[in-house]
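Chain by chain, the residues:
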Amino acid sequence: GAGVSQSPRYKVAKRGQDVALRCDPISGHVSLFWYQQALGQGPEFLTYFQNEAQLDKSGLPSDRFFAERPEGSVSTLKIQRTQQEDSAVYLCASSLWGWENTEAFFGQGTRLTVV
Amino acid sequence: KQEVTQIPAALSVPEGENLVLNCSFTDSAIYNLQWFRQDPGKGLTSLLLIQSSQREQTSGRLNASLDKSSGRSTLYIAASQPGDSATYLCAVSTGNQFYFGTGTSLTVIP
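Conventions we followed
Residues numbered from 1 in each chain as written. Chains lettered and ligands numbered in written order. Predicted model: local features only at pLDDT ≥ 70, side-chain atom pairs only at ≥ 80, totals over all residues. Heavy atoms only, no water. Contact = heavy atoms within 4.5 Å. Buried area = accessible area lost by both parts, 1.4 Å probe. Salt bridge = Lys/Arg side-chain N within 4 Å of Asp/Glu carboxyl O. Polar contact = N/O pair within 3.5 Å; in protein donor to acceptor, adjacent residues only side chain to side chain. Pairing = 2+ DSSP bridges. Helix = DSSP H or I, 4+ residues; strand = E, 2+ residues; numbered from the N terminus. Axes fitted to C-alpha atoms, helices over the stretch in contact; angles between N-to-C directions. Phe/Tyr/Trp six-rings, centres within 6.5 Å; stacked < 30°, edge-to-face > 60°. Buried < 20%, exposed > 50% of the residue type's maximum accessible area, 1.4 Å probe, protein only. Core = buried A, V, L, I, M, F, W, Y, C linked by side-chain atoms within 4.5 Å.

## Here we look at the interface of chain A and chain B
At the interface, 25 residues of chain A touch 22 residues of chain B. When the two sides are added together, the surface that chain A and chain B hide from each other amounts to roughly 1900 Å², 49% of it contributed by carbon and sulfur. Linking chain A with chain B are zero salt bridges. Counting across the interface, chain A meets chain B through six residue pairs in polar contact (both at pLDDT 80 or more).

## Details of the sheet that holds strand β8 (residues 75–79) of chain A
All names here are of chain A. Taking strand neighbours across the sheet as the criterion, the four strands line up as β1-β3-β8-β7 in an open arrangement whose pairing is antiparallel. Looking along the sheet, the strands with just one partner apiece sit at the ends: β1 (5–7) and β7 (65–68). Direction aside, neighbouring strands of the sheet carry axes that sit 15° apart on average. Across three bridges, the pairing between β1 and strand β3 (residues 19–24) is antiparallel.

## Considerations on the sheet that holds strand β6 (residues 56–59) of chain B
Residue and element names in this part refer to chain B. Read across the open sheet, the five strands follow the order β1-β3-β8-β7-β6; overall the sheet is antiparallel. Edge positions in the open sheet fall to β1 (4–7) and β6, since each of these has one partner strand only. Neighbour-to-neighbour, the strand axes of the sheet open up by a mean angle of 15°, direction not taken into account. Taken together, the six bridges between strand β7 (residues 62–67) and strand β8 (residues 72–77) define a ladder with antiparallel strand orientation. Bridging across to β8, D67 finds its partner in R72.

## A few points about the packing of aromatic side chains
All chains considered together, the criterion is met by nine aromatic pairs over all chains. Taking 5.7 Å as the distance between ring centres and 40° as the angle between the ring planes, the aromatic pair formed by F36(B) and F100(B) counts as tilted. Taken together, the residues F36(B) in strand β4 (residues 32–38) and F100(B) in strand β10 (residues 98–100) connect sequence positions 64 residues apart. F100(B) gets classed as buried once you look at its relative accessible area, which sits at 11%. Within the aromatic cluster, the residues linked to one another by ring pairs are Y35(A), F45(A), F106(A), F36(B) and F100(B).

## Here's the deal with the environment of V108(B)
Residue and element names in this part refer to chain B. The residue V108 is located in strand β11 (residues 104–109) in this model. Taking relative accessible area as the criterion, V108 reaches 4% and is therefore assigned buried. For V108 and A64, which are 44 residues apart along the polypeptide, the C-alpha to C-alpha distance reads 19 Å. Discounting residues that sit within four places of it in the chain, V108 has contacts with V13, P14, E15, S80, Q81, P82, D84 and S85.

## Digging into the nonpolar core
One finds L33(B), W35(B) and L75(B) to be the most contacted residues of the largest nonpolar core, which totals 23 residues. When residues of this core are traced back to their parent elements, those giving at least two are β3 (19–25), β4, β5 (44–51), β7, β8, β9 (86–93) and β11 of chain B. In contact with L33(B), other than residues within four places in its own chain, are C23(B), F25(B), L48(B), L49(B), I50(B), L66(B), S73(B), A91(B) and V92(B). Listed in part, the 20 residues of the second largest apolar core include F65(A), I79(A), C92(A) and V114(A).

Next up, the structure:
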């Protein structure tokens with residue numbers, strides 16, 4: 001597609017509910033990143049994929065967070081048993097190759113509110 | 001861990017002024033540095049990418065410089081316009097991830 005697409009744009013979840021956030025990267029982009037952005041803060045790294053391989057998940061805050069990219073294109077970030085502190089904007093980015101010298105393009109984000 | 005700092009946190013200028021936004025980082029072993037713009041409630045729009053071997057990049061009224069050895073980058077905006085009002089974020093790449101600053105919130109007053 002023309003850009004990185006994320007869905008849904010907004011999600012309200014009751015505490016304890018599971019949610020799934022989707023990211024469609026730019027077609028052909030090898031690298032895919034997930035970030036979490038709290039209000040008034042810069043984005044914080046969650047996880048990184050190169051094709052279908054999850055090469056870095058060091059930023060996932062707990063084992064309630066899980067990400068996958070099974071066919072090396074679309075990715076899903078799943079949060080189990082949501083808590084209020086999970087409320088944030090979740091941003092997805094893709095880049096053509098690896099992280100070294102290529103530009104990252106971000107989606108519009110999914111704003112998650114846990115009530 | 002890489003730490004990225006942006007100064008000032010907020011800036012308000014009259015239309016037409018030239019301005020400079022600052023970004024500093026603690027680990028000079030970076031692959032590249034990227035400047036982004038974020039409008040309220042929106043995602044990030046890439047403005048400029050500077051490779052680690054480069055000193056500056058220009059796009060229209062924007063010019064970004066990089067001094068890797070001192071851990072600094074600046075974003076220069078010429079002849080500011082009200083449409084430039086947004087939060088500007090810098091991010092450095094040191095491996096599998098980008099490290100972001102907390103941004104500079106810019107308001108250009110008509």
